[in-house]
Each structure stands twice: as C-alpha cells, then as structure tokens.
Amino acid sequence: MKGKIRHVLFPAVLAGLTIFVIATIWDIKYYGIIFACFGSSAFIIYVNPRSEQASVHNILGAYPLAGFLGYSTIEYVLPSLNFEENINLAIAGGFAVGITILSMLITGFKHAPAGGAALAFVLKVPDVKAVFLLIGGGITLLAMAKILTFIVKEEYELEKAIRHTFHPGKRG
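No experiment lies behind these values; they were computed from the predicted model shown.

On a plain count of helices and strands, the chain comes out with seven helices and zero strands. Along the chain, helices and strands appear, N-terminal first, in the series α-α-α-α-α-α-α. Counting only contacts in the chain whose residues sit at least 6 apart along the sequence, the fraction spanning at least 24 positions is 74%. With the model as given, the accessible surface of the chain reaches about 10100 Å², and the carbon-plus-sulfur share is 69%.

Listed below in structure tokens is the structure:
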C-alpha cells in the first residue's frame, strides 16, 4: 500500500503546489476564471504525463490559440450580437469553444483545458493582457511540472539506491 499512496499523493501535492505558484505569480484575483483551466492541465500533466495532451508542444500551442480566439470572440463576435444578454453570452461562449477546438484540430495543438480558457474569456471580459498572462501561465505550469517532477524523481531514485544498499536482495 505504501507504494500506491506515493503514486496517488505525489501527483496531487505537485498539482496543488503548481497551481499555488501560478496563482502567486500571476494575478489570480482579476484573471482567476481564465486560469481555472490550469487545474485541469495540472491533472493531465501529473496523472498522465505521457499522454498526448500533456506534451509541451500541445500546451504551448493550445493556450495561445485559446487566448487569441477567446479574446477575438469578445472583441468581434459578442458586440455584433443583438439578443438578450444571456443568449449573446451563450452564442459567444459556444463560438469561442467551437472555433478553438476546430483550430486545435487543424493545427494539431490538442489540449482540452484550453477550450475552457477560450470560454473563460467570454465569461469574464478581460483586457488583451489576459492573453499574455494565459501564455505565461502555461509556461509557468510546464516549468513547474518539469522542476517538481525532476525533484521527486531524483528523491525517489535516491531512496531506491539507499534501500538497495541496505537490502541488496530487495527491489524498490
């Protein structure tokens, strides 16, 4: 059971620590809803690190795409809608997510949480700075994941080496 706890505990702790760092560095108070998608990304990165969606290529491609398309939706699509406010937001939200997913499929940048980032632009109208903060948050997420995974992996390897030294017949 001890080994299983480690496999459950480490991803959870590392994901929480990563989100803490992102929230500390970037303006979570004002841009929080836009960065909420990083919680989903952290799950993917720490629980399924070898999945296609956890790749650096997909994360660094999908978030800027989502930011650009989400912001473009609130700047160009939303103002042209003349329905009740809820209907306008529903149309703009559906458009932002749909065009982002289409663009991710065309470009090959497949990272599902980025679709949520595009929707977040419609739900909380940000300034253009939010696009760059979304990109910076994605970079911070990846950097933290690489650093923390390396530290935990090195600690785990050191622990295995020590265990092997004192119990040469056992495998860790």
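All right, on to a nonpolar patch on the surface then. A surface patch of nonpolar side chains, amounting to about 260 Å² of accessible area, comprises Ile5, Leu9 and Val13. Secondary-structure assignment places Leu9 in helix α1 (residues 2-25). Using a relative accessible area of 46% as the deciding quantity, one classes Leu9 as partly exposed.

Ile34, Phe38, Ile45, Tyr46, Tyr63, Phe121 and Leu134 are the most contacted members of the largest nonpolar core, which totals 43 residues. Looking at which element gives the most residues to this core, the answer is helix α7 (residues 129-166), with ten residues. Those residues in contact with Tyr63 that sit more than four places away from it in its chain are Cys37, Phe38, Ser41, His111, Pro113, Ala114, Ala117, Leu134 and Gly138.

Mapped onto the elements of the fold, Ser40 is located in helix α3 (residues 37-47). In sequence terms Ser40 and Ala114 are 74 residues apart; their C-alpha atoms lie 9.3 Å from each other.

Along the chain, Ala114 falls in helix α6 (residues 113-123). Taking C-alpha positions, Ala114 is 8.1 Å from Ile59, a pair spaced 55 residues apart along the chain. Here Ala114 is in contact with Ala62, Tyr63, Ala66, Thr100 and Met104, once residues within four sequence places are set aside.

Right, let's talk about the confidence of the model for the chain for a bit. Predicted confidence across the chain gives a mean pLDDT of 85, with 85% of residues reaching 70 or more. The least confident element of the chain, judged by mean pLDDT, is α7 at 78; the most confident is helix α5 (residues 85-107) at 96.

Packing of helix α4 (residues 56-77) against α6 leaves a shortest axis separation of 8 Å and a crossing angle of 25 degrees. Comparing their axes, α6 and α4 come out roughly parallel. Here α4 runs over α6; the crossing is right-handed. Contact with α4, carried on its side by Ala62, Tyr63, Ala66, Gly67, Gly70, Tyr71, Thr73 and Ile74, involves Pro113, Ala114, Ala117, Ala118, Phe121 and Val122 of α6 and no other residues of that element. A class-by-class count of the residues in the contact of α4 with α6 yields eleven nonpolar, three polar and no charged.

Mapped onto the elements, Thr73 comes out in helix α4. The exposure class of Thr73 is buried, given its relative accessible area of 1%. Here Leu69 takes part through its backbone oxygen, which lies 2.8 Å from a polar atom of the side chain of Thr73. In contact with Thr73, not counting residues within four places along its chain, are Leu78, Pro79, Ala92, Phe95, Ala96 and Val122.

So, how was this worked out
- Residues numbered from 1 in each chain as written.
- Predicted model: local features only at pLDDT ≥ 70, side-chain atom pairs only at ≥ 80, totals over all residues.
- Heavy atoms only, no water.
- Helix = DSSP H or I, 4+ residues; strand = E, 2+ residues; numbered from the N terminus.
- Contact = heavy atoms within 4.5 Å.
- Areas by Shrake-Rupley, 256 points an atom, 1.4 Å probe, with all protein chains shown as cover.
- Patch = residues over 30% accessible without salt bridge, like charges linked within 9 Å, V, L, I, M, F, W, Y side chains within 5 Å.
- Salt bridge = Lys/Arg side-chain N within 4 Å of Asp/Glu carboxyl O.
- Buried < 20%, exposed > 50% of the residue type's maximum accessible area, 1.4 Å probe, protein only.
- Core = buried A, V, L, I, M, F, W, Y, C linked by side-chain atoms within 4.5 Å.
- pLDDT = per-residue confidence, 0-100.
- Axes fitted to C-alpha atoms, helices over the stretch in contact; angles between N-to-C directions.
- Parallel < 35°, antiparallel > 145°, perpendicular 65-115°, else oblique.
- Left-handed = near helix turned anticlockwise from the far one by under 90°.
- Nonpolar A, V, L, I, M, F, W, Y, C, P; charged D, E, K, R; others polar.
- Polar contact = N/O pair within 3.5 Å; in protein donor to acceptor, adjacent residues only side chain to side chain.

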